[in-house]
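Per-entry structural report
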Amino acid sequence: MSNPVARTAGTKKVSRRRSLWKQIAYCKYLYMLIAPGFILTLIFHYFPMYGLQLAFKNFMYNKGIWGSPWNNFAHFKAFMSNPEFKRVVFNTLWISINQMIWNFPAPIILALLLNELRNKTFKRVTQSILYLPHFVNWIIISGLIFNLFSVTNGVVNKVLASLNMQPVVIIGNPNVFRPLLYISSMWKGVGWGTIIYMAAIAGVDVQLYESAIIDGANRFQQCIYITLPSLKYAIVILLILNTGGLMNSN
């Protein structure tokens, strides 16, 4: 005779599977919306992780990645024994931390300012202009910076020359490199970061603002005590993600 306990457990598993497929069928359009992003994440973020083995192997073309012999951390030993190792790591961390300090609050402040605009046409045009730099390649941005600040052919120095002023060395000045990097990265990414915060602001209950107005709160107080606290979850999540990418200074 069959065990009734095992039969009951098997029946429960089958019912759970059926209910799962019913839920998937019911939400099929939502899963279809998620599918492209999920597939792209697999292709560009998870499948390439197979190649991480190269850091621990002496790669041979005829044997491939899997068949190449392990190198006993030789690449890591060579990198860490390099005299430039400490300076490279310090510069990377220093640039990344400063970028976070200067660039992270920028989209929050910009989103709060845009939220206060009442002219919808001006607001949409401003948002579009701010988003555009995100889609510009870094190579193009470097060309723009060169054309602006070049000593010989730069627009800035040509304007200064027309005013009988001395040219200013910006690109070749090591003291200006980091501020120029922070400003250019902020200009490129601030509009894209604003999208997330604007979406979070759109989800704030309007009744909170109505109650604040009844209590006599002005626009600034509404922004500080309602809008900004409503963004705390998005701020914390993005801060964690940015902290996880400290070693990626681009």
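Details of the structure are given in the entry above.
Predicted model only: the values in this text are computed from it and were never measured.

**Considerations on helix α5 (residues 85-103)**
Because the α-helix completes a turn every 3.6 residues, residues three or four places apart line up on one side. Along its 19 residues, α5 runs 27 Å from first to last C-alpha, staying within 8% of the 27 Å computed at 1.5 Å per residue. Close packing links the buried residues of α5 with α6 (105-115), α10 (174-202) and α13 (232-244).

**Overview of the side chain of asparagine 103**
Along the polypeptide, asparagine 103 turns up in helix α5. Given a relative accessible area of 16%, asparagine 103 falls into the buried group.

**Let's talk about the nonpolar core**
Side chains of nonpolar character tend, in soluble globular proteins, to be buried together. By size, the foremost hydrophobic cluster in this structure holds 17 residues, and its most contacted members are Phe104, Ile108, Leu112, Tyr197, Leu231 and Ile235. Among the secondary structure elements, those contributing two or more residues to this core are α6, α10 and α13. Contact partners of leucine 231, with chain neighbours within four places excluded, come to Ile108, Leu112, Tyr197, Ala200 and Ile201.

**Considerations on the packing of α6 against helix α7 (residues 120-131)**
Following both chains from N to C, one finds α6 and α7 inclined at 160 degrees, their axes separated by 10 Å at the closest point. In this view, α6 runs roughly antiparallel relative to α7, as classed from their interaxial angle. Relative to α7, the crossing made by α6 is right-handed. Across the interface between the two elements, Leu110, Leu114 and Asn115 of α6 pack against Lys123, Thr126, Gln127 and Leu130 of α7. By residue class, the composition of the contact of α6 with α7 is three nonpolar, three polar and one charged.

**Quick word on the packing of aromatic side chains**
Scanning all chains against the criterion turns up seven aromatic pairs. Ring centres of phenylalanine 59 and tyrosine 61 lie 5.1 Å apart, and the angle between their planes is 75 degrees; on these two criteria the pair is classed as edge-to-face. Put simply, the rings of Phe56, Phe73 and Phe76 touch in pairs and so form one group of aromatic residues. Lysine 57 extends its terminal NZ or CZ atom over the ring of tryptophan 70, reaching a point 4.4 Å from the ring centre.

**So, α6**
Buried residues dominate α6, accounting for eight of its eleven residues. Every buried residue belonging to α6 is among Ala106, Pro107, Ile108, Leu110, Ala111, Leu112, Leu114 and Asn115, and all of these are buried.

**Here we look at the pattern of salt bridges**
As enumerated under the stated definition, the model contains two salt bridges in all. When the shortest N-O distance is used, the salt bridge between glutamate 84 and arginine 87 registers 2.8 Å. A relative accessible area of 36% places glutamate 84 in the partly exposed class. Among the salt bridges present, the one from arginine 219 reaches glutamate 116, with a minimum N-O distance of 2.8 Å. Pair noted here: arginine 219 is in helix α12 (residues 219-230) and glutamate 116 is in the loop between α6 and α7, with a separation of 103 residues, a long-range link. What makes arginine 219 partly exposed here is its relative accessible area of 38%.

Calculation rules
- Residues numbered from 1 in each chain as written.
- Predicted model: local features only at pLDDT ≥ 70, side-chain atom pairs only at ≥ 80, totals over all residues.
- Heavy atoms only, no water.
- Helix = DSSP H or I, 4+ residues; strand = E, 2+ residues; numbered from the N terminus.
- Expected span 1.5 Å × (residues − 1).
- Contact = heavy atoms within 4.5 Å.
- Buried < 20%, exposed > 50% of the residue type's maximum accessible area, 1.4 Å probe, protein only.
- Core = buried A, V, L, I, M, F, W, Y, C linked by side-chain atoms within 4.5 Å.
- Axes fitted to C-alpha atoms, helices over the stretch in contact; angles between N-to-C directions.
- Parallel < 35°, antiparallel > 145°, perpendicular 65-115°, else oblique.
- Left-handed = near helix turned anticlockwise from the far one by under 90°.
- Nonpolar A, V, L, I, M, F, W, Y, C, P; charged D, E, K, R; others polar.
- Phe/Tyr/Trp six-rings, centres within 6.5 Å; stacked < 30°, edge-to-face > 60°.
- Lys NZ or Arg CZ within 6 Å of the ring centre and 35° of its normal.
- Salt bridge = Lys/Arg side-chain N within 4 Å of Asp/Glu carboxyl O.

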